[in-house]
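Tertiary structure, described
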Amino acid sequence: GAVVSQHPSWVICKSGTSVKIECRSLDFQATTMFWYRQFPKQSLMLMATSNEGSKATYEQGVEKDKFLINHASLTLSTLTVTSAHPEDSSFYICSAGSVGGSYEQYFGPGTRLTVT
Amino acid sequence: GENVEQHPSTLSVQEGDSAVIKCTYSDSASNYFPWYKQELGKRPQLIIDIRSNVGEKKDQRIAVTLNKTAKHFSLHITETQPEDSAVYFCAASIGDKLTFGTGTQLKVEL
């Protein structure tokens, strides 16, 4: 149980275009999802907390107009990287947590974004 | 906000030896401390976790200890095997929000 999927697993886009990444909880409802970014050989950095039916909460230094988050249902959150640039190339990972009172977070498999 | 420091950044051990990774956290309100193993290009995989009301937890070859007073927690892996080679991250959580350590590249050599 507690499976999280992401789509796509990898994407290559041209500079200036937008890319949407989907995060789905497959067998449970997630009122809260989290989006992380991980650069090569670095740690996971929380970008934003996505709350179903309300605006996302962004971490300091993360541009909310560049990284658009939508959490329209209890099983789907999306991250759109707008006007992507090569420096946005990274591994993006979502997670969902607090299932049945557990503190554990369940991570998606990640999306490798390369901006050329 | 929470700050988590992790040491060492790299660790090489011989197969069968023990490995210890240490983390410190800054916010005394943190109440959940998971450890993750991440292989290249894959998602973080929870290997063990501990809550703030527990001092030690063990699961086969893996154990975690927590010292709330000192704000330290450590991962202990005994009888290391080549398949233990990966990057390990500690994390500290206040509520749902996880803050990760900087990671430790563990290499288990034959």
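It should be noted that the structure appears before, not after, this text.
Residues numbered from 1 in each chain as written. Chains lettered and ligands numbered in written order. Predicted model: local features only at pLDDT ≥ 70, side-chain atom pairs only at ≥ 80, totals over all residues. Heavy atoms only, no water.

**A few points about the overall build of chain A**
Across its full length, chain A carries 0 helices and 11 strands. Order of helices (α) and strands (β) in chain A, N terminus to C terminus: β-β-β-β-β-β-β-β-β-β-β. The C-alpha atoms of chain A give 13 Å as radius of gyration, which agrees with the globular expectation for 116 residues (13 Å, within 12%). Projected onto its principal axes, the C-alpha coordinates of chain A cover approximately 40 × 25 × 20 Å. Of all 116 residues assigned to chain A, the portion counted as buried reaches 50%. By sequence separation, contacts in chain A at least 24 residues apart represent 52% of the contacts at least 6 residues apart. Of the accessible surface of chain A, which amounts to about 5600 Å², a share of 52% is contributed by carbon and sulfur atoms. Computed over 9 positive and 9 negative side-chain charges, the inter-centroid distance for chain A is 7 Å. (Helix = DSSP H or I, 4+ residues; strand = E, 2+ residues; numbered from the N terminus. Rg over C-alpha atoms; globule rule 2.2 N^0.38 Å. Buried < 20%, exposed > 50% of the residue type's maximum accessible area, 1.4 Å probe, protein only. Contact = heavy atoms within 4.5 Å. Areas by Shrake-Rupley, 256 points an atom, 1.4 Å probe, with all protein chains shown as cover. Lys, Arg positive; Asp, Glu negative; His and termini not counted. Charge placed at Lys NZ, Arg CZ, Asp CG, Glu CD.)

**Notes on the overall build of chain B**
Regarding its fold elements, chain B presents 0 helices and 11 strands. Sequence-ordered secondary structure for chain B, helices as α and strands as β, is β-β-β-β-β-β-β-β-β-β-β. The C-alpha atoms of chain B give a radius of gyration of 13 Å, which matches the 13 Å a tight globule of 110 residues would have. In chain B, which comprises 110 residues, the proportion classed as buried is 44%. Of the contacts formed within chain B by residues at least 6 apart in sequence, a portion of 52% connects residues at least 24 apart. Just so you have it, chain B exposes about 5600 Å², and 46% of that area is on carbon and sulfur atoms. Between the mean site of the 12 positive side-chain charges and the mean site of the 14 negative ones, chain B shows a separation of 5 Å.

**Remarks on the pattern of salt bridges**
Following the criterion strictly, the structure yields 6 salt bridges over all chains and no others. Between Arg24(A) and Glu22(A) there is a salt bridge whose closest N-O contact spans 3.4 Å. We classify Glu22(A) as partly exposed; its relative accessible area is 24%. When the shortest N-O distance is used, the salt bridge between Glu59(A) and Lys97(B) registers 2.9 Å. In this pair, Glu59(A) is assigned in the loop between strand 6 (57-58) and strand 7 (67-73) and Lys97(B) in strand 10 (residues 97-100), connecting two distinct chains. Taking relative accessible area as the criterion, Lys97(B) reaches 38% and is therefore assigned partly exposed. (Salt bridge = Lys/Arg side-chain N within 4 Å of Asp/Glu carboxyl O.)

**Concerning the state of the cysteines**
Here, disulfide denotes a covalent bond that connects the sulfur atoms of two cysteines. According to the stated counting rule, one finds 2 disulfides over all chains in the structure shown. What pairs with Cys23(B) in a disulfide is Cys90(B), and their sulfur atoms sit 2.0 Å apart. Taking the torsion about the sulfur-sulfur bond, which here is approximately -100°, the covalent link between Cys23(B) and Cys90(B) counts as left-handed. Remark: Cys90(B) occurs in strand 9 (residues 86-94) and Cys23(B) occurs in strand 3 (residues 19-25); sequence separation between them is 67 residues. Summary of cysteine pairing: Cys13(A) is not part of a disulfide, and the nearest cysteine sulfur, belonging to Cys94(A), is at 18 Å. (Disulfide = S-S within 2.5 Å.)

**As for the interface of chain A and chain B**
Contact with chain A, which involves 22 residues of that partner, is made by 17 residues of chain B. Both faces considered, chain A and chain B share a buried interface measuring about 1600 Å² in area, 54% of it formed by carbon and sulfur atoms. Where chain A meets chain B, there are 1 salt bridge. At the level of elements, strand 4 (32-38), strand 9 (90-97) and strand 10 (105-107) of chain A are the ones that each hand at least two residues to the side of chain A that touches chain B. Here the side of chain A that touches chain B takes 4 residues from strand 4 of chain A, the largest share from any one element. (Buried area = accessible area lost by both parts, 1.4 Å probe.)

**What to know about the sheet that holds strand 3 of chain B**
Residues and elements named next belong to chain B. One open sheet accounts for 5 strands, arranged 1-3-8-7-6; its pairing is antiparallel. Lying at the two open borders of the sheet, with one neighbouring strand each, are strand 1 (4-7) and strand 6 (56-59). Along the sheet, successive strands turn relative to each other by an average axial angle of 15°, direction set aside. Where strand 6 and strand 7 (residues 62-67) come together, 4 bridges link them in antiparallel fashion. Residue Lys 58 lies in a different strand from strand 7, and its bridge partner there is Ala 63. (Pairing = 2+ DSSP bridges. Axes fitted to C-alpha atoms, helices over the stretch in contact; angles between N-to-C directions.)

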